[in-house]
Amino acid sequence: NLSNVLWAYGALSVAPSEAVLDAWLEQFELISNSFSWQQLANSVWALARLSVCPRHTFWSRWFKQAEQLNCTGLNAQHFSMALWSLAKLEIQPSVDFVTAFEQRFERTSSLFESQHLANIVWAFARLELCFPERCAELWTERFLARVADCSAQQLSNIIWSFGKLGMHPPERMLAAWYDAFDREQHSMQPIGLSSSIYAFARLGLRPEEEFLDLWFMLAETSVASWNSQELSNSMWALAKLEVFPHDEFLELWTGAFEAQLSSSSVQHIANVIWSYGKLGVVPLPAHLDACIEALSARLSITAFDEVDGVLWALSQLKLRGWTASATQLAPVIATFRQQRAYALNRPALSDALRILNVSA
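A brief look at the structure comes next. (Residues numbered from 1 in each chain as written. Predicted model: local features only at pLDDT ≥ 70, side-chain atom pairs only at ≥ 80, totals over all residues. Heavy atoms only, no water.)

Regarding the overall build of the chain
For the record, the criterion: Think of it this way: any DSSP run of H or I at least four residues long counts as a helix, any run of E at least two long counts as a strand, and we number them from the N terminus. A simple rule labels every residue: compare its accessible area, found with a 1.4 Å probe on the protein chains alone, to the largest value its type can have, and call it buried under 20%, exposed over 50%, or partly exposed in between. In this description, contact between two residues means that some pair of their heavy atoms is separated by no more than 4.5 Å.
Of regular secondary structure, the chain possesses 20 helices and zero strands. Along the longest, intermediate and shortest principal axes, the C-alpha atoms of the chain span 70 × 45 × 35 Å. Per-residue burial for the chain yields a buried fraction of 54% across its 360 residues. Once local pairs closer than 6 in sequence are excluded, the contacts in the chain between residues at least 24 apart make up 77%.

As structure tokens, then:
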């Protein structure tokens, strides 16, 4: 009953009051040694759904009971749900917990469905855990068997996870992923499009041309609704992959990003300006001026890495005919000067300053 109560709160997306949650946690500490795997998984899933991360004593008892049960009563749904929940709450699993997963997955990988597979690899990526080699081989085989069942979200989560983990998909898996992406194209959301191209960039793997053509077509129809992070990540990815956007896409994209400038972080804006420099794309002066102004308003001494990339990018754009006033660049240069000693040891940045006529 205790796990069912919390599961119901999670299923309804209704957060319990602080008093109710405290009472629940106190009772859990008393009877946690009677919880089954299903009850452990349901409880932590509800907490993840509600974005509630309990006190340390809860986790110590939760992991203790999980380790006590080992694999008794553990199935694919329980484990994938529990692992997804831990990742969602940014709770690092114990070594014994990960070992139990490896052992269980090696014996029962043929029972895992597409949702389980997506949850598992996403959780490993989110928690930055090394995906065991044997598990990766079995995971790939099972993915190939269940790829026809993968939804658009699962496909984008899977390729994002491979990018985050730095795992290059085997050729057979990638071919199957492309086919599935094509099948699910009309269900792809902005986050799926952005994270997919971002994953390829993280891997340094240029997608096949058919995928890129489809990606641009889908992006053009929805880019106006993308948020700042989706826009920034996608342009950064295109620049890293040296994929040059055509004029129609660029016009739509720049309009969408300009509309999001007020909610854009220093990292987002810096990535975009860096991408322009990397691709040699000189946007309309008014757009670039707006980006620099928004960046300048948010800069601090801690943003030197971003300033480094921005100064380099602006130097590349200047070589292609763009000009900026000293007033425009003043906040960027001021941030640079506060980290002068660091900057002088970077030859590429020294060249950028020379091109911009800025003294070190």
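A closer look at the side chain of Gln154
What counts here: Under this definition, polar contacts are N or O atom pairs within 3.5 Å; protein pairs additionally need one hydrogen-donor-capable and one acceptor-capable atom, and for neighbouring residues in sequence, both atoms have to be side-chain atoms.
One can find Gln154 in helix α9 (residues 152-165). Overall, the relative accessible area of 8% leaves Gln154 in the buried class. Of note is the side chain of Gln154, whose polar atom sits 2.8 Å from the side chain of Gln115. Here Gln154 is in contact with Ser114, Gln115, Ala118 and Asp149, once residues within four sequence places are set aside.

Thoughts on a negative patch on the surface
What counts here: Patch building starts from residues that exceed 30% relative accessible area and form no salt bridge, then joins like charges within 9 Å and nonpolar side chains (Val, Leu, Ile, Met, Phe, Trp, Tyr) within 5 Å. What sets the accessible areas is the Shrake-Rupley method with a 1.4 Å probe; for residues, cover comes only from the shown protein chains. The working definition used for a salt bridge is a side-chain nitrogen of Lys or Arg within 4 Å of a carboxyl oxygen of Asp or Glu. When charges are tallied, Lys and Arg are placed among the positive residues and Asp and Glu among the negative ones, while His and the ends of the chain are skipped. Each charge is placed at NZ for Lys, CZ for Arg, CG for Asp and CD for Glu.
A grouping of Asp179, Asp182, Glu208, Glu210 and Asp213 is seen on the molecular surface, where their side chains present a negatively charged patch. When residues of the negative patch are traced back to their parent elements, those giving at least two are α10 (171-183) and α12 (209-222). With respect to the element layout, Asp182 can be found in helix α10. What makes Asp182 partly exposed here is its relative accessible area of 42%.

Structural notes on the state of the cysteines
To be explicit about the condition: Any two cysteine sulfur atoms within 2.5 Å of one another count as a disulfide.
A complete count under the given rule lists zero disulfides for this structure. A disulfide-free cysteine, Cys135 has its sulfur positioned 10 Å from the sulfur of Cys130, the nearest such atom. Its relative accessible area of 0% is what places Cys135 among the buried residues.

Description of the packing of aromatic side chains
A ring pair, where both rings are aromatic, is described by two values, the distance of the centres and the angle of the planes. Threshold: Stacked, tilted and edge-to-face are the three classes assigned to paired rings of Phe, Tyr and Trp, where Trp is represented by its six-membered ring and a pair needs centres within 6.5 Å; plane angles under 30 degrees give stacked, over 60 edge-to-face, the rest tilted.
If you walk through the whole model with that rule in mind, you get 39 aromatic pairs. Considering the side-chain rings of Trp59 and Trp62, the 6.3 Å spacing of their centres and the 65° angle between planes classify their relative orientation as edge-to-face. Here Trp62 and Trp59 lie together in helix α4 (residues 56-69), a separation of three residues that amounts to about one turn. The same class applies to Trp59 as to Trp62, namely buried. Geometrically, the ring pair formed by Trp215 and Trp226 is edge-to-face, given 6.1 Å between the ring centres and 75° between the ring planes. Of the two residues, Trp215 sits in helix α12 while Trp226 sits in the loop between α12 and α13 (228-241), which places them 11 residues apart along the sequence. Given a relative accessible area of 0%, Trp215 falls into the buried group. Classification of Trp226 by relative accessible area gives buried; the value is 0%.

Some remarks on helix α15 (residues 266-279)
The test is simple: A helix's residues, less one, multiplied by 1.5 Å, set its expected span.
Between its terminal C-alpha atoms α15 stretches 20 Å, which fits the 20 Å expected from 14 residues at 1.5 Å a residue. For α15, a buried count of 12 out of 14 residues is recorded, marking the element as mostly surrounded by other parts of the structure. Phi turns positive one or two residues past the end of α15, at Gly280, with a value near 70°.

Regarding the side chain of Glu184
Relative to the elements of secondary structure, Glu184 occurs in the loop between α10 and α11 (190-203). The exposure class of Glu184 is buried, given its relative accessible area of 18%. Apart from residues lying up to four places away in sequence, Glu184 is in contact with Cys150, Ser151, Ala152 and Leu155.

So, the packing of α12 against helix α14 (residues 247-259)
Where we set the bar: Fitted lines through C-alpha atoms serve as axes, helices being fitted only where they are in contact, and the angles separating the N-to-C directions of these axes extend from 0 to 180 degrees. Here roughly perpendicular refers to angles of 65 to 115 degrees, roughly parallel to angles under 35, roughly antiparallel to angles over 145, and oblique to all remaining angles. The sense of a crossing depends on the near helix, which, turned anticlockwise from the far helix by less than a right angle, makes the crossing left-handed and, turned clockwise, makes it right-handed.
In contact at an axis separation of 10 Å, α12 and α14 are set at 40° when each is read in the N-to-C sense. By the criterion of interaxial angle, the relationship of α12 to α14 is oblique. In this structure, the crossing between α12 and α14 has a hand that is left-handed. Of α14, the residues touching α12 (which contributes Trp215, Phe216, Ala219 and Glu220) are Glu248, Phe249 and Leu252.

Things to note about the nonpolar core
Quick reminder of the rule: Nonpolar cores were defined as sets of buried Ala, Val, Leu, Ile, Met, Phe, Trp, Tyr and Cys residues, with membership established by side-chain atoms within 4.5 Å.
Ranked by internal contacts, the top residues of the largest apolar core, which has 128 residues, are Trp62, Phe97, Trp139, Phe143, Trp215 and Ile273. Contact partners of Trp215, with chain neighbours within four places excluded, come to Leu193, Ile197, Trp226, Ser234, Leu238 and Phe249.

Quick notes on the pattern of salt bridges
Evaluated as defined, the whole model comprises 12 salt bridges. One salt bridge connects Arg55 with Asp22, and the closest N-O pair in it is separated by 3.9 Å. One end of the pair, Arg55, is in the loop between α3 (37-49) and α4; the other, Asp22, is in helix α2 (residues 18-31), and 33 residues separate them in sequence. Using a relative accessible area of 35% as the deciding quantity, one classes Arg55 as partly exposed.

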